[in-house]
Amino acid sequence: MLKLYNSATREREDFIPHDPKMVTMYTCGPTVYHYAHIGNLRSYIMEDLLDRYLRYLGYPLKRVMNITDVGHLSSDADTGEDKMLKGAKREHKTVMEIARFYTDAFFEDCRKLNIRRPDVVEPATHCIGEFIKVIKKLLELGYAYQAGGNIYFDTSKPEKYYIFNDYNEEDLAVGVREGVEEDSNKRNKTDFVLWFTKSKFEDQELKWNSPWGVGYPGWHIECSCISMKHLGEYLDIHCGGIDNAFPHHTNEIAQSEAYLGHKWCGHWMHVHHLNTNSGKMSKSSGEFLTVSLLESKGYNPLVYRFFCLNSHYRKSLMFSYENLDNAAAAYEKLVSKICSLMGEQQGTVEEEKLEKMKDTFKEALDNDLNSSLAITALYDALKSDATAATKLAAVKDFDRVLMLGLLDAAAKKYGEQKQNDIPEELRVEILSAIDRRAQAKKERNFALADKIRDELKEKGVELIDTREGTDFRLTK
Ligand code: AMP
Ligand code: ZN
């Protein structure tokens, strides 16, 4: 039975979906005014682990993510400029150009990290009608009020506003006030804006008509509405980084439950932060580390995934190049071990042993996604006395969840090693045949080119045409 820590109850709970026929999961997506840093991506990697594991367990899963392309202001207390506008000004582009560019960049990073694209990805700017509908009802129900042109949510109305207070309520309230000009429209200091018409920044680029005047939505209402639009009234799991617990998720719960009139989300998963020596990694301050930067320094992005999976999602993780180098060395060793299995006598898959290996792996992940223990289960499987075929079957199975590209990396390494083992004479013969084939193709003598290829194939040499030229691989 999968047990997950629920930040709303502060307990490890059995995961029981509202409707086992369709598990629903919502993830706060990126604010697309800049590249995602590797801290953001830690959150998405660990959420991806949950996504993959639920599917591995056989749950039908629908996962939704928003793209925040409007309304996320520089301060969580509804003040400051819209982050998107800030990005647009920085790069002398329109907000929509910025959104498109950084949304694509985000998914490119995800692709490199083997983070699955959620089933539905919805930009906030596509759902203005939805936001207006929900805000209207909140006003009718008396949970929202209009003041100074904006629509606010009244946080004194829900029976219990603070949900995730591992913290002291007073500290949270101070956090809201800190460094922020008091908004005299607010009835309570934690009230938040659902719809802005009066902003301190008159040049907000994206604005829409609403019953309350031309304006734009607040950030929190986006996630509630996008989730309800695609996943209905009952949500099984809501994910995000720990900084989102307050005020973002707290406000999401307040407004969603006020709107629905019942409990909304069963389970809250918060990923703790990636830190550097100088503190929490953030887009607006400190060192800005991206996947591309790591690649430019020669790191395989999957090494970063491996680095993240080696620690628990509810512990903060310290990034340093030294730590990443250690992960790179361990990853390389793991790949080499799997590669050496490929050269061994394979034997047959021993089903009973494989099932035991899988049980150990599941036991680790069932325990609040203990990914480092799951990796230990992989090492143990590789160390066991099982046949190479059994071990390789275990790697294949576990990597459906870990997604570290282990078999591909090992097969590549194995291919390279085999190539290095080719006797010099044979190598010269193959390279000369490749030249003759290229010449034949140039002269449009395709029959000859095919003949050369087929002759090599019979000798156990397969030609692989790539953009850079023709490569080869031994098949015997
Ligand atoms: P944002 O693009 O700023 O809206 O953030 C995207 C996601 O990254 C959110 O779930 C944040 O909570 C999360 N996040 C932000 N900073 C970090 C960090 N240093 N470590 C881990 N997750 C983070
Ligand atoms: Zn959100």
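Moving on, we get to the overall build of the protein. Across its full length, the protein holds 16 helices and 16 strands. Overall size of the protein, expressed as C-alpha extent along the three principal axes, is 85 × 55 × 45 Å. Taken over 476 residues, the protein has a buried fraction of 52%. Contacts in the protein between residues at least 24 apart in sequence constitute 75% of all its contacts with a sequence separation of at least 6. Carbon and sulfur atoms make up 49% of the accessible area of the protein, which amounts to about 22,100 Å² in all. Between the mean site of the 65 positive side-chain charges and the mean site of the 75 negative ones, the protein shows a separation of 3 Å.

Attention now goes to the sheet that holds strand β7 (residues 150–153). The strand order β6-β7-β8-β9 describes an open sheet built from four strands, whose pairing is antiparallel. Each edge of the open sheet carries a strand with a single partner, namely β6 (144–147) and β9 (216–217). Bridge count for β7 against strand β8 (residues 192–196) is three bridges, and the pairing is antiparallel. Bridge pairing links Ile 151 to Trp 195 in β8.

A few words now on the side chain of Asn 370. Following the sequence through the fold, Asn 370 ends up in the loop between α11 (351–366) and α12 (371–383). At 3.3 Å, the side chain of Asn 370 forms a polar contact with the side chain of Ser 372. Here Asn 370 is in contact with His 312, Ala 364 and Leu 365, once residues within four sequence places are set aside.

What follows is about the site of ligand 1. Not every one of the 18 residues close to ligand 1 is listed here, only the nearest: Thr 31, Gly 39, Ser 43, Asp 243 and Lys 283. Here Asn 40 contributes a side-chain N or O atom positioned 3.0 Å from an oxygen atom of ligand 1. Asp 243 has a polar side-chain atom sitting 2.4 Å from an oxygen atom of ligand 1. Coverage of ligand 1 by the protein chains reaches 95% of its 500 Å² of free accessible surface. Those elements giving two or more residues to the shell around ligand 1 turn out to be α1 (38–56) and β10 (235–241). With four residues, α1 is the largest single contributor of residues to the shell around ligand 1. Grouping the amino acids of the shell around ligand 1 by side-chain chemistry returns four nonpolar, eleven polar and three charged.

This paragraph deals with the pairing of strand β11 (residues 265–271). Burial analysis of β11 places six of its seven residues in the buried class, the great majority of the element. One crossover worth recording links β10 to the parallel β11 by way of helix α7 (residues 245–260), and it is right-handed.

Before going further, it helps to examine the coordination of the zinc ion (ligand 2). In the first shell of the zinc ion (ligand 2), the protein supplies Cys 28 (SG), Cys 223 (SG) and His 248 (NE2), at 2.0 to 2.1 Å from the metal. Sequence spacing of the donor residues for the zinc ion (ligand 2), all on one chain, is C-x194-C-x24-H. You can see Cys 223 sitting in helix α6 (residues 219–231) and its partner His 248 sitting in helix α7, a full 25 residues away along the chain. Judged by its relative accessible area of 0%, Cys 223 falls in the buried class. Of the residues examined, His 248 reaches a relative accessible area of 1% and is grouped as buried.

What counts as what
- Residues numbered from 1 in each chain as written.
- Chains lettered and ligands numbered in written order.
- Predicted model: local features only at pLDDT ≥ 70, side-chain atom pairs only at ≥ 80, totals over all residues.
- Heavy atoms only, no water.
- Helix = DSSP H or I, 4+ residues; strand = E, 2+ residues; numbered from the N terminus.
- Buried < 20%, exposed > 50% of the residue type's maximum accessible area, 1.4 Å probe, protein only.
- Contact = heavy atoms within 4.5 Å.
- Areas by Shrake-Rupley, 256 points an atom, 1.4 Å probe, with all protein chains shown as cover.
- Lys, Arg positive; Asp, Glu negative; His and termini not counted.
- Charge placed at Lys NZ, Arg CZ, Asp CG, Glu CD.
- Pairing = 2+ DSSP bridges.
- Polar contact = N/O pair within 3.5 Å; in protein donor to acceptor, adjacent residues only side chain to side chain.
- Near = heavy atom within 4 Å.
- Nonpolar A, V, L, I, M, F, W, Y, C, P; charged D, E, K, R; others polar.
- Right-handed = clockwise from strand over helix to strand, strands pointing away.
- Donors = N, O, S within 2.8 Å, 3.2 Å for Na, K, Ca; no water.

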